[in-house]
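The lines below spell out each chain.
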Amino acid sequence: MKWVLAESEKGVAAAFADRAGLHPLIATLMVNRGIIDSSEAQTFLSCDLATLSGPDIFRHMEKAVDRIRAAIAVGEKITVFGDYDVDGVTGASLLYLTLRTLGAVVDCYIPDRMTEGYGLNAYALEAIKASGASLVISVDCGITAAREAGTARSIGLDLIITDHHEFNRSNSSNEVMLPDAYAVLHPLLLKENVAAGIQERVSGLTGVGMAFKLAQALLDTDVRDERLMPYLDLVTLGTVADVGRLTGENRVLVKHGLDMLSTDSDKQRPGIAALKQVSGLSGKRIGVGNVGFTLAPRINASGRLERADTAFRMLTTDSREEAGELAATLDSVNRERQSVEETILGEARRICGAMDTKVAGALVLSSDSWHPGVIGIVASRIVDEFYRPTALICVRDGVGKGSARSIPGFDLYEGLSECKDLLEGFGGHKYAAGFTIAADRIPQFRERLSTIVRERVGPDGFVRTLFVDGAVSLDELTTGLLQDMERLAPFGQGNPEPRLGARCLEVVSSRIVGNNHLKLRLRQQSGVSLDAIAFNRGNLLGKQVRNGVRLAAVFTPRLNAWNGKTTVELEIRDIKTEK
């Protein structure tokens with residue numbers, strides 16, 4: 001990796017530390033995250049729910065709320081239309097439960113990934129209409145569904161869209177083009193008088209975040225109300241699983257949601273308690289990593305290999321017995337998903353091994369044997385391994401369903417936009433997107449996307465870059481400082497864990513532990529020595545790493561509690577041998 005030390009104007013962090021009364025290293029970390037104002041620092045560190053904006057800042061919120069309340073008043077049937085991923089399922093669950101609390105006649109529809117694909121579709125809308133519904137509220141989808149909005153209108157369905165994905169834009173003027181729906185709620189569609197600071201804080205809201213804002217408006221209450229607070233567990237699951245930026249309001253919501261997920265009281269949602277039980281997390285503190293790598297994959301599993309109804313039912317049931325059964329089903333399906341994923345990953349690796357990946361701008365891989373519900377995960381793993389924007393395509397009956405992931409420096413949505421004449425449809429974000437393509441156009445798409453990537457990224461863009469917050473000596477890393485550092489959590493997209501660098505680290509001891517993890521004891525000239533671990537790097541032992549060798553390292557320091565004693569340990573991100 002190429003190490004890049006974060007650049008900040010000389011003296012800014014020191015002056016900020018004095019003004020805000022912060023440790024110099026904490027001030028440096030905050031400056032690196034764009035926080036240089038004392039009041040902003042206080043807001044960031046407090047993570048207070050009172051700092052959240054009200055739902056009335058969104059352009060169509062009043063119109064949406066009035067329509068929903070009118071439907072509830074006369075007993076109209078309302079259908080919540082959610083996406084099949086974690087963000088969509090948690091958002092649909094949240095809105096469904098809120099409407100049920102308000103006495104609405106409410107149902108939920110989550111499309112089948114295999115037969116219907118992503119988002120609103122005419123078949124689903126007609127089925128919803130036939131069920132007796134007159135109002136549909138989308139969650140985590142719909143912002144580009146102009147044709148489907150027209151279908152809804154033509155068959156007598158009012159459509160309220162809540163979404164956070166990229167807009168369609170006019171080719172000529174780049175103007176935002178919204179579907180002709182009854183109301184559209186989106187993090188970037190705010191009233192004209194909303195302050196720029198608030199705009200920035202809400203811009204990263206995910207699908208479940210927008211559902212939460214609508215629920216707050218419907219309940220006409222403060223976030224801290226006991227009717228609204230219990231939904232923060234769902235907000236946290238969806239936001240973290242969708243890799244939402246943990247800045248602004250997302251960070252506040254997730255901070256408090258993690259507290260809720262960590263409780264084991266009888267008040268915890270039955271589905272969450274059951275999910276924690278099958279995941280081995282009962283009684284443990286839940287962090288962002290636990291959500292992203294343990295809880296979320298099990299919720300996602302039903303939508304990837306089967307219908308997402310199982311996860312929805314688990315999150316909305318009041319029965320602990322039913323929740324336990326559904327959680328066990330999801331755990332079983334997740335194991336099946338892992339097996340399917342490993343098979344596809346092996347095949348994708350073999351394809352990459354037969355080509356010169358170093359000259360490829362993008363990796364576009366296709367097969368008629370791959371499962372469309374898993375290719376997005378595999379695409380992410382191929383990106384991690386080969387560091388190229390990657391698209392995996394599952395071909396069925398002459399039509400390919402693709403899932404793509406990107407690297408820093410390449411906007412995937414913009415790249416697909418430049419290939420839209422080759423695509424049947426597409427949508428997504430900067431780093432993740434999905435698309436549909438005719439099988440005979442895949443070769444042309446592969447060539448064009450690769451060309452676009454090479455032009456945009458350039459040769460230096462394919463070098464992995466590790467940004468370092470600052471250089472430290474080991475004796476600076478006290479337990480007190482790390483406790484202060486934890487106030488910057490929760491960490492994630494947009495608010496990464498601190499990465500620090502140190503030089504002249506002598507390897508005092510080295511061994512392999514667990515599943516090929518490198519365990520080290522590192523000592524600096526000051527005499528201070530600390531334990532360190534480099535996950536999945538056991539192959540370095542005896543080569544780059546051996547006792548007596550001096551290293552430079554980039555790491556994240558952590559507090560490790562064991563047998564009643566708390567010590568500092570380093571999680572190694574990268575190491576280089578020093579002469």
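Here, every reference points to the structure presented above.
Computed from a predicted structure; not experimentally measured. (Residues numbered from 1 in each chain as written. Predicted model: local features only at pLDDT ≥ 70, side-chain atom pairs only at ≥ 80, totals over all residues. Heavy atoms only, no water.)

Caption draft 1: Highlighting the packing of aromatic side chains. Using the criterion set out here, one finds four aromatic pairs in the structure. Both rings, one in Tyr413 and one in Phe426, keep their centres 5.4 Å apart while their planes meet at 50 degrees; by these two values the pair is tilted. Remark: Phe426 occurs in strand 12 (residues 423-428) and Tyr413 occurs in helix 17 (residues 412-417); sequence separation between them is 13 residues. For Tyr413, a relative accessible area of 9% translates into the label buried. A residue is classified by how much of its surface remains accessible, and Phe426, at 21% relative accessible area, is partly exposed. Each ring, one from Phe435 and one from Phe445, has its centre 5.1 Å from the other, and the planes form 50 degrees; the classification is tilted. Taken together, the positions of Phe435 in strand 13 (residues 432-438) and Phe445 in helix 18 (residues 442-457) put the pair 10 residues apart, joining distant regions of the chain. Above the ring of Phe44, the side-chain terminus of Arg251 is found at 3.6 Å from the ring centroid. (Phe/Tyr/Trp six-rings, centres within 6.5 Å; stacked < 30°, edge-to-face > 60°. Helix = DSSP H or I, 4+ residues; strand = E, 2+ residues; numbered from the N terminus. Buried < 20%, exposed > 50% of the residue type's maximum accessible area, 1.4 Å probe, protein only. Lys NZ or Arg CZ within 6 Å of the ring centre and 35° of its normal.)

Caption draft 2: Representation of the sheet that holds strand 5 (residues 158-162) within the structure. Spatial strand order, 3-2-4-5-8: five strands in an open sheet with parallel pairing. A single partner strand is all that each edge strand has here, and the edge strands are strand 3 (105-109) and strand 8 (183-185). Direction aside, neighbouring strands of the sheet carry axes that sit 20 degrees apart on average. When strand 2 (residues 77-82) meets strand 3, the two strands line up parallel, connected through five bridges. Each residue of the ladder has a partner; that of Val80, found in strand 3, is Cys108. (Pairing = 2+ DSSP bridges. Axes fitted to C-alpha atoms, helices over the stretch in contact; angles between N-to-C directions.)

Caption draft 3: Spotlight on the sheet that holds strand 9 (residues 363-367). Taken in spatial order, the five strands of this open sheet run 9-10-11-13-12, and their pairing is mixed. Either end of the sheet is taken by a strand with one partner, and the two such strands are strand 9 and strand 12. On average, each strand axis in the sheet is inclined to that of its neighbour by 15 degrees, with strand direction left out of account. The strands touched by helix 16 (residues 375-386) within the sheet are strand 9, strand 10 (390-396) and strand 11 (399-405), with strand 11 carrying the most contacts at an inclination of about 45 degrees. (Contact = heavy atoms within 4.5 Å.)

Caption draft 4: Focus on the environment of Gly480. Structurally, Gly480 is set in helix 19 (residues 479-485). Each C-alpha atom, one on Gly480 and one on Leu559, is 9.8 Å from the other, the two residues being 79 residues apart in sequence.

Caption draft 5: The environment of Gly398, seen in detail. Its location among the elements puts Gly398 in the loop between strand 10 and strand 11. With 54 residues separating them along the chain, Gly398 and Ile344 place their C-alpha atoms 20 Å apart. In this view, Gly398 contacts Ile437, Ala438 and Ala439; residues no more than four positions away in its chain are not counted.

Caption draft 6: The packing of helix 5 (residues 86-101) against helix 10 (residues 232-241), seen in detail. The contact between helix 5 and helix 10 brings their axes to 8 Å, and the two run at 160 degrees. In terms of orientation, helix 5 lies roughly antiparallel with respect to helix 10. Pair helix 5 / helix 10 crosses with left-handed handedness. Residues Val86, Asp87, Thr90, Ser93, Leu94 and Leu97 of helix 5 touch helix 10, and the partners they reach there are Leu234, Val235, Leu237, Gly238 and Ala241. Residues that form the contact of helix 5 with helix 10 fall into these classes: seven nonpolar, three polar and one charged. (Parallel < 35°, antiparallel > 145°, perpendicular 65-115°, else oblique. Left-handed = near helix turned anticlockwise from the far one by under 90°. Nonpolar A, V, L, I, M, F, W, Y, C, P; charged D, E, K, R; others polar.)

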